[in-house]
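If you want the building blocks of each chain, they are given just below.
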Amino acid sequence: AKREGGNTWRLFTEDLDRKVQHRMRLEADLRRGFDAGEFHLFYQPRISLEERKTVGLEALLRWTSGDGTMIPPDAFIPLAEEIGEIRALGAFALEKVCLQWVEWSARGMEIPVAVNLSAKQISSQSFVRDVLETVDRTGMNPYLLQFEITESAFMEDPDHAQEVMAELGAKGIRFSLDDFGTGFSSLSKLRMLPISELKIDRSFILDMESEKTRGVVSTMIHLAGSLGMELTFEGVETREQLEKLRSLIPGGMSASIQGYLFSRPLPPERIPQFLASELPD
Ligand code: C2E
Ligand code: CA
Ligand code: CA
Ligand code: CA
């Protein structure tokens, strides 16, 4: 009944219109961009702490839209999941990674490479078959292929996820638990999962000033050790963070680092040079 209320409503609907329009544009853009080949992959090196060498790469999707704008994955992955395009995008990423790996391998670079998975991909009934078909057709070495999944992706359908992991694991493909420490981390579940690596979330590294956080990180380090899992720290940007981590890791235990301190994600053509370069201490 009040004029003010009317105005608010009008503003609200205009705002909603804009949001809906923006989203519809992004949706159409994503489908068009995918068909137009605007998606590609960058690779971020993972460095062994004690050996000071690159021990793996993580493939990360990039979208350079027609007008040159870079759209970050945190913006388009959730959208692709919502509009049912994530399977196509995920299949594209896997195929691209396998072909790239085979090319590197032919040039003498045999490096493990990790691909991120979304829950919607794992839940597909044909996922295992599709993955094995791609690995087979491209000549990818399954023992050097890793999939990264988050705890929440796993929890959507734990039984099915476990089955998928066991079937792919039997072919040599390994799994990493991504963003570790941010999900619900049921220890009893973790013990039973065919997971070969924990990737500690960047939020812990950002908070290494806090004694409590260092305590938690220390616990995660020992957890990985007692479960016989590899350990990677994501998002290490500074030497201070690296030194703090070093002080928490017991001698003889191996761990690796992924972060801007050593390298940002790189376009594939920069990888051979990076692999050949000396890393700082
Ligand atoms: P993620 O799997 O946790 O990947 C690590 C993210 O941290 C990447 O962001 C990487 O660029 C960033 N990062 C690495 N080191 C540092 C650092 O030292 N500092 C900071 N500030 N950031 C660092 P990116 O490439 O933007 O990807 C964001 C997320 O998008 C990924 O998080 C992953 O969840 C998702 N994503 C990327 N590619 C794919 C894909 O092919 N499939 C699926 N399903 N998700 C993907
Ligand atoms: Ca990841
Ligand atoms: Ca992560
Ligand atoms: Ca993440």
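The structure under discussion appears in the preceding block.
Described below are features of the structure shown in this document. Just so we're clear, the structure is a prediction, and the values are computed from it rather than from any experiment.

What follows covers the overall build of the protein. Along its length, the protein carries 12 helices and 9 strands. For the protein, whose C-alpha radius of gyration is 21 Å, the value lies close to the compact-globule estimate of 19 Å for 281 residues. Based on the C-alpha atoms only, the size of the protein along its principal axes is roughly 75 × 50 × 40 Å. Buried positions account for 47% of the 281 residues belonging to the protein. Considering only intrachain contacts with a sequence separation of at least 6, the fraction spanning at least 24 residues in the protein is 71%. Approximately 14700 Å² of the protein is accessible, and the part contributed by carbon and sulfur atoms is 52%. One way to put it: in the protein the 32 positive side-chain charges average out to a point 3 Å from where the 44 negative ones average out.

Below, the discussion takes up the coordination of the calcium ion (ligand 4). Around the calcium ion (ligand 4), the protein supplies Asp179 (OD) and Asp179 (OD) as donor atoms, at distances of 2.8 to 3.1 Å. The distance between the calcium ion (ligand 4) and the calcium ion (ligand 3) comes to 3.9 Å, and Asp179 binds to both of them. With respect to the element layout, Asp179 can be found in strand E6 (residues 174-180).

A few words on the coordination of the calcium ion (ligand 2). At this site the calcium ion (ligand 2) is bound by Glu58 (OE), Asn116 (OD1), Glu148 (OE) and Asp178 (OD), with donor distances of 2.1 to 2.3 Å. Considered as a linear motif, the donors of the calcium ion (ligand 2) on their single chain read E-x57-N-x31-E-x29-D. A distance of 3.9 Å spans the gap from the calcium ion (ligand 2) to the calcium ion (ligand 3), which Asp178 bridges by coordinating each metal. A residue pair is termed long-range when its members are at least 10 positions apart, and Glu58 in strand E2 (residues 54-64) and Glu148 in strand E5 (residues 145-150) qualify at 90 residues. Overall, Glu58 belongs to the buried group, its relative accessible area being 5%. Overall, the relative accessible area of 2% leaves Glu148 in the buried class.

Here we come to the pattern of salt bridges. Counting across every chain of the model gives 20 salt bridges. Its salt-bridge partner being Arg32, residue Asp29 comes within 3.5 Å of it at the nearest N-O pair. Linking Asp29 with Arg32, this pair stays in helix H1 (residues 3-35), spanning 3 residues, or about one helical turn. For Asp29, a relative accessible area of 26% corresponds to the partly exposed category. The salt bridge involving Glu38 is made with Arg32; its shortest N-O contact spans 3.1 Å.

Quick look at the pairing of strand E4 (residues 113-116) now. Examined bridge by bridge, E2 and E4 share 3 bridges and lie parallel to one another. Considered in E4, the bridge of Leu57 is made with Val113.

Here helix H7 (residues 158-169) contains 12 residues, and its C-alpha end-to-end distance of 16 Å stays within 8% of the 16 Å for a straight helix at 1.5 Å per residue. Against helix H4 (119-122), helix H5 (127-138), E5, helix H6 (151-156) and E6 lie the buried residues of H7.

Take unusual backbone geometry next. One non-glycine residue, Arg52, adopts positive backbone phi at about 55°. Of note, Arg52 is situated in the loop between strand E1 (39-48) and E2. Relative accessible area serves as the criterion here: at 32%, Arg52 is assigned to the partly exposed category.

This paragraph deals with the site of ligand 1. Ligand 1 sits among 21 residues. The nearest are Arg62, Asp178, Arg202, Glu237 and Tyr260. Within the contact set of ligand 1, an oxygen atom lies 3.2 Å away from a side-chain nitrogen or oxygen of Asp179. Within the contact set of ligand 1, an oxygen atom lies 2.8 Å away from a backbone nitrogen or oxygen of Tyr260. Starting from 810 Å² of accessible surface for ligand 1 in isolation, the protein chains cover 84%. When atom positions are compared with the pocket grids, ligand 1 is found to occupy the largest pocket. Only E2, helix H2 (73-82) and E6 provide two or more residues apiece to the shell around ligand 1. For the shell around ligand 1, the leading source of residues is E2, giving 4 residues. Its residues assigned to classes, the shell around ligand 1 shows 8 nonpolar, 5 polar and 8 charged.

Procedures and definitions
Residues numbered from 1 in each chain as written. Chains lettered and ligands numbered in written order. Predicted model: local features only at pLDDT ≥ 70, side-chain atom pairs only at ≥ 80, totals over all residues. Heavy atoms only, no water. Helix = DSSP H or I, 4+ residues; strand = E, 2+ residues; numbered from the N terminus. Rg over C-alpha atoms; globule rule 2.2 N^0.38 Å. Buried < 20%, exposed > 50% of the residue type's maximum accessible area, 1.4 Å probe, protein only. Contact = heavy atoms within 4.5 Å. Areas by Shrake-Rupley, 256 points an atom, 1.4 Å probe, with all protein chains shown as cover. Lys, Arg positive; Asp, Glu negative; His and termini not counted. Charge placed at Lys NZ, Arg CZ, Asp CG, Glu CD. Donors = N, O, S within 2.8 Å, 3.2 Å for Na, K, Ca; no water. Salt bridge = Lys/Arg side-chain N within 4 Å of Asp/Glu carboxyl O. Pairing = 2+ DSSP bridges. Expected span 1.5 Å × (residues − 1). Near = heavy atom within 4 Å. Polar contact = N/O pair within 3.5 Å; in protein donor to acceptor, adjacent residues only side chain to side chain. 1 Å grid on protein atoms, 1.4 Å probe; cavity = no way out; pocket = protein on both sides within 12 Å on 5 of 7 lines; lining within 4 Å. Sits in = over half its atoms within 2 Å of the grid points. Nonpolar A, V, L, I, M, F, W, Y, C, P; charged D, E, K, R; others polar.

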